[in-house]
Amino acid sequence: MLKAFIFDLGNVLLLFSHDRMYAQVAELCGKAAGDVRDAFLSDDLGPRFESGQISESELQIHLEQRIGVRLEREPLHRAIADIFTPNDEMLQVVDELRRQDFRLVLLSNTNSIHIRWIESQYDVLSKFDACVLSHEVGALKPDPRIYAAALAHTNCPPNECFYTDDIGTYVAAGREIGLHAEVFRTAGGFGEQISRLGVEVSRT
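Please explain the overall build of the protein as it appears in this structure.
Across its full length, the protein holds 11 helices and 7 strands. Against the globule reference of 17 Å for 204 residues, the protein gives a C-alpha radius of gyration of 18 Å, in line with a compact fold. Across the 204 residues in the protein, those meeting the buried criterion constitute 49%. Looking at the protein alone, contacts between residues at least 24 apart form 66% of all its contacts between residues at least 6 apart. Summed over its atoms, the accessible surface of the protein is roughly 9700 Å², and 46% of this surface lies on carbon and sulfur atoms. The protein carries 20 positive and 31 negative side-chain charges, and their two centres are separated by 1 Å.

Help me out: how do you make sense of the state of the cysteines in this one?
Such a bond, covalent and formed between the sulfur atoms of two cysteines, is termed a disulfide. Considering all chains together, one arrives at 0 disulfides under this definition. Sulfur of Cys156: no disulfide; nearest cysteine sulfur belongs to Cys161 and is 3.4 Å away. With a relative accessible area of 13%, Cys156 lands in the buried category.

Explanation requested: the environment of Asn87 in the structure shown.
Structurally, the position occupied by Asn87 is in the loop between strand 3 (84-86) and helix 6 (88-99). The buried category is assigned to Asn87, whose relative accessible area is 14%. Taking C-alpha positions, Asn87 is 23 Å from Leu197, a pair spaced 110 residues apart along the chain. If near-sequence neighbours (up to four positions away) are discounted, Asn87 is found in contact with Val12, Leu13, Leu14, Leu15 and Phe184.

Conventions and cut-offs
Residues numbered from 1 in each chain as written. Predicted model: local features only at pLDDT ≥ 70, side-chain atom pairs only at ≥ 80, totals over all residues. Heavy atoms only, no water. Helix = DSSP H or I, 4+ residues; strand = E, 2+ residues; numbered from the N terminus. Rg over C-alpha atoms; globule rule 2.2 N^0.38 Å. Buried < 20%, exposed > 50% of the residue type's maximum accessible area, 1.4 Å probe, protein only. Contact = heavy atoms within 4.5 Å. Areas by Shrake-Rupley, 256 points an atom, 1.4 Å probe, with all protein chains shown as cover. Lys, Arg positive; Asp, Glu negative; His and termini not counted. Charge placed at Lys NZ, Arg CZ, Asp CG, Glu CD. Disulfide = S-S within 2.5 Å.

See below:
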């Protein structure tokens, strides 16, 4: 019997676009989006930021060095962060699971700039009993450490948890520790997945 759900954030509950981020930063500094993308991807700058290895100020310094342009902090942060659109169908599903008293845990590879923006614009984080965030844990999916942190917040064994994520590699890592785990594609598909495990949700 399921007692808890672990949800990915990006492209499950909030849709997002890295290309939009690259384009917005490029517009800010007068460079090509491809150059900005290369700056984020070079030496794993983005993953290092998401895993908490570098700070916001260090991220900005690295970007300025690689792009060759000085940047203002607030416009840069907005260009990085304003890339999300709520997946309203899935947010309704989360609300329904809350009403059914399931334990809800968020598990996300993310960074402090994105989380601060999400907190200021949406109420999605407040729907969860716990939020396990890569930059706080110091580990990125599919590192077993971040799954262990999420599981600890479910207050139940892995076979009583369902995990959904849009990336198959991350789902596979969840299954390795005993979670019921499926790749997310649509809200309807998610409903069918959990229905097979005895949980029914209605969406308006």
